[in-house]
Amino acid sequence: MRIVVLAGGIGGARFLRGLKQAAPDADITVIGNTGDDIHLFGLKVCPDLDTVMYTLGGGINEEQGWGRAGETFHLKEELAAYGVGPEWFGLGDRDFATHIVRTQMIGAGYPLSAVTEALCDRWKPGVRLIPMTDDRVETHVAVTLPDSGSAAGSGERKAVHFQEYWVRLRASVPAHAVVPVGAEQAKPAPGVLEAIAEADVVLFPPSNPVVSVGTILAVPGIREAIAEAGVPVVGLSPIVGDAPVRGMADKVLAAVGVESTAAAVAEHYGSGLLDGWLVDTVDADVVGRIESAGIRCRAVPLMMTDLDATARMAREALELAEEVRGA
């Protein structure tokens, strides 16, 4: 079986670990989000690609879900001593090595897809990891930064990089708009469209539907290729009981006018793209609403409490895909 997964960072990476257990013989291609990429200290940092690579390769900090296990931060501390920032983005010493190698290779003329393949040669994640594009795409968020002593909602209106919004600001101010800058001019990376065309099933893991899966779909040609592939497309809701399972997806969903509910996210993707949708058992009452929108739906446990629970989620997604195929 050939499976294509559109993945963001922590949620996508953990789901993939369960998928590998659920379908050990499957040929899995992961199309990774690069909208979170940022340039720091002269280096190109790809948080989502690295989280997938480290998680599946056994090098992730399990407690955090991002960064390296056994990490130290001497370099970050030295940079701070020189007054070099930003201090709010915590790159560790081991992690710096990955970004140095990536930046050197890109500087030598290699595209990001080739660089990612080379990095994966070390980590051996057991999947084929492809960035959504070799072109530069960065997600920015329009916010209003409050002035000290000013009334709520007043202050400076500006666009900030998604990482600044997510990490430094902790999504503490409302997002007015989310823009994947450069996406309209980007092209899918080599292998992306081919993998979709050859897939038996396409999965949307419980990643952020706006800034992870949504950013991948914003690259011209990817959404169209999935919609036209003629294979089951099944997603798992990142919203359980009207709240994100992890992170602050509700903040960016609000920015694009989507309610933070399992049903609203399914409708946001739409029946023209999505064939099947899994919601958590606590949201079983919305199954009928989703199915009336033309999307086959099932309510199953969706909390990735451990590897076995995640593998069961993945099996449920594959079983729903088979139901769709046989319909």
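What you see is a predicted model, and the numbers here were worked out from it, not measured in a lab.

If you add up the space inside the largest pocket, you get close to 1,100 Å³. Forming the walls of the largest pocket are 47 residues, and the residues nearest its centre are Gly 9, Ile 10, Trp 66, Trp 166 and Arg 246. Elements with a minimum of two residues in the lining of the largest pocket: α1 (10-22), α2 (47-57), α4 (93-107) and α6 (162-168). With 5 residues, α2 is the single largest residue contributor to the lining of the largest pocket. For the lining of the largest pocket, a count of residues per class yields 22 nonpolar, 16 polar and 9 charged.

Summed over the entire model, instances satisfying the criterion amount to 11 salt bridges. One salt bridge connects Glu 267 with Arg 289, and the closest N-O pair in it is separated by 2.8 Å. In this pair, Glu 267 is assigned in helix α11 (residues 262-269) and Arg 289 in helix α12 (residues 287-292), connecting sequence segments 22 residues apart. Taking relative accessible area as the criterion, Glu 267 reaches 35% and is therefore assigned partly exposed. The salt bridge involving Arg 298 is made with Glu 323; its shortest N-O contact spans 2.6 Å. Here Arg 298, found in strand β14 (residues 296-299), pairs with Glu 323, found in helix α13 (residues 307-326); they are 25 residues apart in sequence, far enough to count as distant.

So, on to the sheet that holds strand β10 (residues 233-236). A sheet is described by the order of its strands in space; here 7 strands give the open sequence β5-β2-β1-β9-β10-β13-β14, paired in parallel fashion. The strands lining the two open edges of the sheet, one partner per strand, are β5 (128-131) and β14. Pairs of neighbouring strands in the sheet enclose a mean axial angle of 20 degrees, with direction left out of account. By the bridge criterion, 6 bridges tie strand β1 (residues 2-7) to strand β2 (residues 27-32) in an arrangement that is parallel. Each residue of the ladder has a partner; that of Leu 6, found in β2, is Ile 31. Across the sheet, α1 is in contact with β1, β2, β9 (201-204) and β10; its angle to β1 comes to roughly 165 degrees. In this fold α11 packs onto β9 and β13 (276-279), with an angle of close to 160 degrees to the strand it touches most, β13.

The rules we used
Residues numbered from 1 in each chain as written. Predicted model: local features only at pLDDT ≥ 70, side-chain atom pairs only at ≥ 80, totals over all residues. Heavy atoms only, no water. 1 Å grid on protein atoms, 1.4 Å probe; cavity = no way out; pocket = protein on both sides within 12 Å on 5 of 7 lines; lining within 4 Å. Points joined across faces, edges and corners; volume = space filled by probe spheres on them. Helix = DSSP H or I, 4+ residues; strand = E, 2+ residues; numbered from the N terminus. Nonpolar A, V, L, I, M, F, W, Y, C, P; charged D, E, K, R; others polar. Salt bridge = Lys/Arg side-chain N within 4 Å of Asp/Glu carboxyl O. Buried < 20%, exposed > 50% of the residue type's maximum accessible area, 1.4 Å probe, protein only. Pairing = 2+ DSSP bridges. Axes fitted to C-alpha atoms, helices over the stretch in contact; angles between N-to-C directions. Contact = heavy atoms within 4.5 Å.

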